[in-house]
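Fold and geometry: a report
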Amino acid sequence: MNEAQLGFDPTIVTFGEKRYIEIERENGKERLVIDKMIKRVPCVAGRATNCWKVYQEEDPGMPLFVKDLWQYPEREEEGELLREATEKGVKNVARYFHHETIRVGGQDDDILADADAAAK
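Conventions adopted
Residues numbered from 1 in each chain as written. Predicted model: local features only at pLDDT ≥ 70, side-chain atom pairs only at ≥ 80, totals over all residues. Heavy atoms only, no water. Helix = DSSP H or I, 4+ residues; strand = E, 2+ residues; numbered from the N terminus. Buried < 20%, exposed > 50% of the residue type's maximum accessible area, 1.4 Å probe, protein only. Pairing = 2+ DSSP bridges. Axes fitted to C-alpha atoms, helices over the stretch in contact; angles between N-to-C directions. Polar contact = N/O pair within 3.5 Å; in protein donor to acceptor, adjacent residues only side chain to side chain. Contact = heavy atoms within 4.5 Å. Patch = residues over 30% accessible without salt bridge, like charges linked within 9 Å, V, L, I, M, F, W, Y side chains within 5 Å. Areas by Shrake-Rupley, 256 points an atom, 1.4 Å probe, with all protein chains shown as cover. Salt bridge = Lys/Arg side-chain N within 4 Å of Asp/Glu carboxyl O. Core = buried A, V, L, I, M, F, W, Y, C linked by side-chain atoms within 4.5 Å.

As recorded in an unreviewed UniProt entry, the protein goes by the name Fungal-type protein kinase domain-containing protein, listed as coming from Didymella heteroderae.

Below is the structure:
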């Protein structure tokens, strides 16, 4: 089994001593360099949430926060809710930057797809 089949996020890339997350935005691919782990949920079952402090490769002075988790398909995406709050100027809420659904093997990555892949 490879790391994606084990449930690791394939957008997290290690290059030398640096680890970064590749995202796709309107201007193309961008790299978010991982500065440090803020929180890891130590569980076997669940959404496997990890939180990272990162920065854009071209702007190391602007810290960003990444919440990496398995999203339940029946729930609204947190990213959409945060985007809406940012657009409406809601106070005391993190400002929206980007969100996306990770794709592995051409399919949205979810907890069920990972369980199916592990069983094969």
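After that view, the rundown keeps rolling.
Some points on unusual backbone geometry
One non-glycine residue, Asn-92, lies in positive phi territory at about 65 degrees. Inspection of the secondary structure assignment puts Asn-92 in the loop between helix H1 (78-87) and strand E6 (103-104). Take Asn-92: its relative accessible area is 84%, and that puts it in the exposed class.

Comments concerning the sheet that holds strand E3 (residues 28-40)
Spatial strand order, E1-E2-E3-E4-E5: five strands in an open sheet with antiparallel pairing. Only two strands of the sheet have a single partner each, and these edge strands are strand E1 (12-15) and strand E5 (59-68). Averaged over all pairs of adjacent strands, the angle between their axes in this sheet comes to 40 degrees, without regard to strand direction. As defined by bridge partners, strand E4 (residues 50-56) adjoins E5 across seven bridges and the pair is classed as antiparallel. Within the sheet, the bridge partner assigned to Asn-50 lies in E5 and is Asp-68.

Here we look at the side chain of Glu-30
Among the secondary structure elements, Glu-30 is positioned in strand E3. Judged by its relative accessible area of 13%, Glu-30 is buried. Reaching out from Glu-30, the side chain makes a polar contact with the side chain of Arg-25 at a distance of 3.2 Å. Contact partners of Glu-30, with chain neighbours within four places excluded, come to Ile-21, Glu-22, Ile-23, Arg-25, Gln-56, Glu-58 and Phe-97.

A few points about a nonpolar patch on the surface
A cluster of nonpolar side chains, Met-1, Leu-6 and Phe-8, forms an exposed patch at the surface whose accessible area comes to about 350 Å². The residue Met-1 is located in the segment before E1 in this model. Taking relative accessible area as the criterion, Met-1 reaches 60% and is therefore assigned exposed.

Re the nonpolar core
General note: in soluble globular proteins, nonpolar side chains tend to be found buried as a group. By size, the foremost hydrophobic cluster in this structure holds nine residues: Ile-12, Ile-21, Ile-23, Leu-32, Ile-34, Trp-52, Val-54, Leu-64 and Val-66. Taken together, the elements giving at least two residues each to this core come down to strand E2 (18-25), E3, E4 and E5. Excluding its chain neighbours within four sequence positions, the residues that come into contact with Ile-12 are Arg-19, Tyr-20, Ile-21, Ile-34, Trp-52 and Asp-68.

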